Amino acid sequence: MAFQDFDQLTERRKTENARKFKKRIIIAVVVILLLVLIAVGAYFIVNKLNNKGTKKGNAKEGNAKQGKAAGKPAPKAPQPKNGPPKNKTPSNGQKILKEMCSAADYKEKCEGIIEKARDETKPKAFIKTAISAASDEAKSAYSKTAELTFNSPEEKGAFEDCKVLFDDAKEELGDAVSQLGNSIESGKVRTGVLNSWLSAVISYQQTCVDGFPDGKLKSDLEKMLQASKEFTSNSLAMLSLFNQLQLPGAEAATGSNRRLLSQDKSGFPTWMSHEDRRMLKKNDEKLTPNVTVAKDGSGNYKTISEALEKIPEKYEGRYVIYVKEGVYDETVTVTKKMPNVTMYGDGSQKSVVTGNKNFADKVRIFQTAPFAVLGEGFMAKSMGFRNTAGPEKHQAVAARVQADRAIFLNCRFEGYQSTLYTQTHRQFYKSCVISGTVDFIFGDAAAIFQNCLIYVRKPLENQQNTVTAQGRTDKQETTGIVLQNCKIMPDKDLEPVKSQFKTYLGRPSKEFSRTIVMDSTIEDLIHPDGWTQWEGDFALKTLYYAEYNNKGPGAKTDNRVKWDGYKKIDKQEAMHYTVGPFLKGHAWLMGVGVPARFGLFES
């Protein structure tokens, strides 16, 4: 009986399990059916909405056909425009260009070239487009000058200078475009020379404007040149960002000890010719001249100008001119067609080029120098350059230097107001003597003076002395005056009366004037303010005047000016204004016999 009860219990359990399994199957089937119904419902809803849209479109088309049949013009369909729609995602190239434009001061003009460079993806190509735009604007401005009317001899003379400066600007913009074009295919961008060219272009244009007397003509000319200046400024800004980001092809930034170029066992760059190595291996080595100039007739020529005129066309290598002892009263110009000239004399007070042209006698400042250098790679050793016009004649330049990579060793520059015109490009002065009164080192070059003696002379009774008047007109320019390990002191005529005249390190002739005095000895003739205004508060917020590690009674900075643009800088910032980073000097000074200090001078 017990086993029968167990059999009945088992049977009941089997029946219950079968019933539960059947229930699960029914639930699963119901869920699947519900999901199918939901999917079908969604399909019909979407299809219905699409049909409504299609009907509306057909209705519009039908209305248009009916209107046409009734003689009514159908609404015009929107026409596609040339170029991408406004809501289209920018291309990668456009994104890169917008990023580069972020560094520019004239962003509207910068972004205006995006369309021209829409398909470009290389930053170098963008910069080339910007420089090409500057070149086009410069040519356009030059063509418009034909419409100008000159009403005085001063205006006519100023325009003669402008024509020369315009030619220089157009040439160097063209060189910049070509250099970038070549670099796109060949490799690295030579940012040092590009910065030098573009900064010079801005300076040329400003020099042209400054040559005119104030008035409508001057204002009109300035407006004509504005667009070219803005495009050039943007190009400099883009180059700066390109170099900072170390994009592919960028020229490496250099510090005090870093060597940029490969060198041979002798320490010379591998690209240097055997002739240059031989001639410049030692700074004190007596050079072998190609020709000799002597006033007494014992040389090949009696004047320096004649020796320059006789340089063979397309001469390869460095052309050396020895100038024997004598005072050469002539106007000497080393033209752009005379690159790599070395000129050396018997001493800076023995072999002297002199003149006395001056502003008071109605000679334009640009034309007052008895010695002018335009040919790149120029080097002078143991030569003197003098303007004898005197303080009462105001601006009277002794030497005007426009050449890129110009070098002056153991030379002397004597004058009063505006003695040395460091006009444009990169310049290096070592162990030179410069004397003057008002703004006697001026211009818009990137110029470093090392181990130089700077003598302040006695000015006119109503004057005050200013050692520098740097003329940077745009903050993107890579220019400035650097006095490094120099000595600033009174001339023997000023010494007994120095307390009667105020003397300053500099004043801003242009809005972004930049001057750095570092590692130098400043004697007690410098006013405690250190620096002085040009006129009112002009440029006081935008200039950059800095001092670092100076010594002597005139170097105390406790009572210096409180301008926004005046800085007491540290070692790290001072390093930016040494020969390597500021002049890209490793590329053209290292290993050529020039005893340049590439870093700072330790205390």
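Residues numbered from 1 in each chain as written. Predicted model: local features only at pLDDT ≥ 70, side-chain atom pairs only at ≥ 80, totals over all residues. Heavy atoms only, no water.

A. Structural detail: the sheet that holds strand E26 (residues 566–568). Pairing within the open sheet is parallel, and its 11 strands lie in the order E1-E2-E5-E8-E11-E14-E17-E20-E23-E25-E26. Either end of the sheet is taken by a strand with one partner, and the two such strands are strand E1 (291–293) and E26. Averaged over all pairs of adjacent strands, the angle between their axes in this sheet comes to 10°, without regard to strand direction. The pairing of strand E5 (residues 341–345) with strand E8 (residues 379–381) spans 3 bridges and is parallel. In the strand pairing of E8, Thr342 is matched with Met379. (Pairing = 2+ DSSP bridges. Helix = DSSP H or I, 4+ residues; strand = E, 2+ residues; numbered from the N terminus. Axes fitted to C-alpha atoms, helices over the stretch in contact; angles between N-to-C directions.)

B. Up close: the pattern of salt bridges. Scanning the entire structure with this criterion turns up 21 salt bridges. Two residues, Asp161 and Arg364, come together in a salt bridge whose shortest N-O distance is 2.5 Å. Here Arg364 lies in the loop between strand E6 (351–355) and strand E7 (371–373) and Asp161 lies in helix H5 (residues 153–186), a separation of 203 residues in the sequence. Looking at Asp161, the relative accessible area reads 8%, which means it is buried. The shortest N-O distance in the salt bridge between Glu414 and Arg386 comes to 3.2 Å. Taken together, the residues Glu414 in strand E12 (residues 412–414) and Arg386 in strand E9 (residues 384–387) connect sequence positions 28 residues apart. By relative accessible area, Glu414 is classed as buried at 16%. Its relative accessible area of 21% is what places Arg386 among the partly exposed residues. (Salt bridge = Lys/Arg side-chain N within 4 Å of Asp/Glu carboxyl O. Buried < 20%, exposed > 50% of the residue type's maximum accessible area, 1.4 Å probe, protein only.)

C. View of the side chain of Arg514. Here Arg514 lies in strand E23 (residues 514–518). Within the buried set, Arg514 has no salt-bridge partner at all; the shortest N-O distance to an opposite charge, 7.8 Å, is to Asp444. Setting aside residues no more than four positions away along its own chain, Arg514 makes contact with Gln470, Arg472, Glu477, Thr478, Thr479, Gly480, Ile481, Tyr544, Tyr545, Tyr577 and Phe582. (Lys, Arg positive; Asp, Glu negative; His and termini not counted. Contact = heavy atoms within 4.5 Å.)

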